[in-house]
Amino acid sequence: MHDWQQLTDLTQNKKISIERVKIIESGIAIDGNFELPPLAQLSMDDQIFVAAFVKSHGSIKDMEELYGVSYPSIKNRLIRISKPGSAFDPYNLISSVYE
């Protein structure tokens, strides 16, 4: 996770693309232009928040206890993460699956 944090610090949350992917065990490499998956496009803090939300099975009550904040704080963060045009905009996620 430390390396991932360094990458996000370096890119300052700007949009990036990956040009080479290598499978370490086999040595197979694929060249091209790849976008990061939606989760990887979030800040490290938001990635941890989303992982915690999934682990809590979407329970806002559990998230309130975990983060020590109120329902509106959790709800507002979820809204911010999934706002239109963001990596987690539900319409973008669904359309990218069916392209």
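Student: Account for unusual backbone geometry, with residues named and values stated.
Tutor: At histidine 57, a position not held by glycine, the phi torsion is positive, near 60°. Of note, histidine 57 is situated in the loop between helix H2 (44-55) and helix H3 (60-67). Classification of histidine 57 as exposed rests on a relative accessible area of 76%.

Student: Provide a residue-level description of the environment of glutamine 41, including the pertinent values.
Tutor: Along the chain, glutamine 41 turns up in the loop between strand S2 (29-35) and H2. On the basis of relative accessible area, glutamine 41 is assigned to the partly exposed category, the value being 35%. Once the C-alpha coordinates of glutamine 41 and lysine 14 are considered, the two residues, 27 residues apart in sequence, prove to be 8.6 Å apart. With near-sequence residues (within four places) excluded, glutamine 41 lies in contact with Glu35, Leu36 and Ala87.

Student: Talk me through H2; I want residue IDs and the actual numbers.
Tutor: If you check H2, its first and last C-alpha atoms are 16 Å apart, about what twelve residues at 1.5 Å a residue would give, namely 16 Å. Met44, Asp46, Gln47, Phe49, Val50 and Ala52 are the residues of H2 that are buried.

The rules behind these values
Residues numbered from 1 in each chain as written. Predicted model: local features only at pLDDT ≥ 70, side-chain atom pairs only at ≥ 80, totals over all residues. Heavy atoms only, no water. Helix = DSSP H or I, 4+ residues; strand = E, 2+ residues; numbered from the N terminus. Buried < 20%, exposed > 50% of the residue type's maximum accessible area, 1.4 Å probe, protein only. Contact = heavy atoms within 4.5 Å. Expected span 1.5 Å × (residues − 1).

Purely spatial values, then, with no claim about function.
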